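Architecture and fold: a report
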Amino acid sequence: MAKKERKSPDEMSFLDHLEELRWHLVRSTLAVVIIACFAFVFRGFIFDTILFGPKNMDFPTYQFFCNIGKFFGVDSEFCGDTIPFTIQSRLMAGQFSAHIWTSIWAGVILGFPYILWELWKFISPGLYDNERKHSRGFIITASGLFFLGVLFGYYIVAPLSINFLGSYQVSKEVLNEIDLASYIGTVRASVIACGIMFELPIVIFFLTKVGLVTPEILKKYRKIALVIILILSAIITPPDITSQIIVCIPVLILYQVSIFISKMVVKKEAKKEAKRQKAQNNAK
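Quantities reported herein were computed from a predicted structural model and do not represent experimental measurements.

**Notes on the overall build of the protein**
A count of helical and extended segments in the protein gives 12 helices and 2 strands. The secondary structure elements of the protein, listed N-terminal to C-terminal, are α-α-α-β-α-α-α-α-β-α-α-α-α-α. Here the protein holds 284 residues, and 35% of them are scored as buried. Long-range pairs, those at least 24 residues apart, make up 80% of the contacts in the protein with a sequence separation of at least 6.

Right, dumping it as structure tokens:
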């Protein structure tokens, strides 16, 4: 039986595109489920080592800030023995539900490159050959930035949030007995939010390609962007100025990198336009 040839994007109807998208989503979901099954099996490593790692004072981040405090001769709260809170589950199915959802989110995070690959396979047939050529590094770059953001969220944002919120007390009469879902939600939000924020250069690249953003616009609204970054930092970090500054610094660097990327895209587009105009003039 002859293999069915794939239609070109110009020959495909709206329903054909929907069918194509459906299969990309099915394969992406299947990849997430497979990785989630592995994460489900390795429960001890996922929970005891990764998720509950920032709860212990021997976590690398706390040791790093403790050593900095000792170097400058300053007493640091990161040099303590324990963070004064306990984690508990208040629902009958709380731990099982946390196990399931944590495994699924692990599948989404670890399967991010494959999800991007499926998205790229759906979009790329509609691109010109030169656009497809210049976007070959999209998956590697976007995945690298995402995982860099995930690591930043896990090693910087999550421990700072857990240390501050877990030890904060309005009165000694109130004990910090944190619900399991709340603790996992804090770690998950820190990790995923930073992973998405680190995709800023990729977003700016595509917005510049379609003409919605220019380097001049990015420079003009730099102060507004700074305010937005500060607000986002305040949302995903504990309400102390040190944590907000630590989060702001890499995002501001990414914003500057985005301006540079936007300049590069504009220059390339200008060169292409100049060549096109030259070819048209020669044809005349």
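**So, the packing of helix 2 (residues 43-51) against helix 4 (residues 94-110)**
Packing of helix 2 against helix 4 leaves a shortest axis separation of 11 Å and a crossing angle of 85 degrees. In terms of axis orientation, helix 2 runs roughly perpendicular to helix 4. The segment helix 2 lies against helix 4, with R43, I46, F47 and L51 engaging A98, H99 and T102. Of the residues contributing to the contact of helix 2 with helix 4, the split by class is 4 nonpolar, 2 polar and 1 charged.

**Here we look at the state of the cysteines**
Per the stated rule, a full pass over the model turns up 1 disulfide. Each sulfur in the disulfide pair C66 and C79 lies 2.0 Å from the other. Classification of the bridge connecting C66 and C79 rests on its S-S torsion, roughly 110 degrees, and on that basis the disulfide is right-handed. With C66 in helix 3 (residues 60-71) and C79 in the loop between helix 3 and strand 1 (86-88), the pair connects residues that are 13 residues apart, well separated along the chain. Residue C66 is classed as buried on the basis of its relative accessible area of 6%.

**Quick look at the layout of surface pockets**
By rolling a water-sized probe across the atoms, one finds the places where empty space is left. Volume-wise, the largest pocket comes out at about 590 Å³. For the largest pocket, the lining is made up of 24 residues, of which I46, I50, A106, I109 and L110 are closest to its centre. Contributions of two or more residues to the lining of the largest pocket are made by helix 1 (14-41), helix 2, helix 4, helix 7 (138-167) and helix 8 (180-197). Among the elements that line the lining of the largest pocket, the one with the most residues is helix 4, at 6 residues.

**Remarks on the UniProt feature "transmembrane region" (unreviewed entry) in the protein**
Cross-referencing UniProt, the feature "transmembrane region" (unreviewed entry) maps to residues 21-46, 98-117, 138-160, 180-208, 220-238 and 244-266 in the present numbering. A distance of 28 Å separates the end C-alpha atoms of residues 98-117, which is 95% helix and 0% strand. Taken end to end, residues 138-160 comprises 100% helix and 0% strand; its first and last C-alpha atoms sit 32 Å apart.

**Let's talk about the environment of D58**
Along the chain, the position of D58 falls in the loop between helix 2 and helix 3. Here the alpha-carbon distance between D58 and G80, two residues 22 residues apart in the chain, equals 9.4 Å.

**A few points about the side chain of T102**
Summarising the element assignment, T102 is placed in helix 4. Only 2.6 Å separates the side chain of T102 from the backbone oxygen of A98, close enough to count as a polar contact.

**Regarding helix 8**
Compared with the 26 Å implied by 1.5 Å per residue over 18 residues, the 26 Å span of helix 8 between its first and last C-alpha is a close match. Turning to helix 8, its buried residues are L180, Y183, I184, G185, V187, S190, V191, I192, C194, G195 and M197.

Rules and cut-offs
- Residues numbered from 1 in each chain as written.
- Predicted model: local features only at pLDDT ≥ 70, side-chain atom pairs only at ≥ 80, totals over all residues.
- Heavy atoms only, no water.
- Helix = DSSP H or I, 4+ residues; strand = E, 2+ residues; numbered from the N terminus.
- Buried < 20%, exposed > 50% of the residue type's maximum accessible area, 1.4 Å probe, protein only.
- Contact = heavy atoms within 4.5 Å.
- Axes fitted to C-alpha atoms, helices over the stretch in contact; angles between N-to-C directions.
- Parallel < 35°, antiparallel > 145°, perpendicular 65-115°, else oblique.
- Nonpolar A, V, L, I, M, F, W, Y, C, P; charged D, E, K, R; others polar.
- Disulfide = S-S within 2.5 Å.
- 1 Å grid on protein atoms, 1.4 Å probe; cavity = no way out; pocket = protein on both sides within 12 Å on 5 of 7 lines; lining within 4 Å.
- Points joined across faces, edges and corners; volume = space filled by probe spheres on them.
- UniProt positions renumbered as here; feature names shortened; annotations may be inferred.
- Polar contact = N/O pair within 3.5 Å; in protein donor to acceptor, adjacent residues only side chain to side chain.
- Expected span 1.5 Å × (residues − 1).

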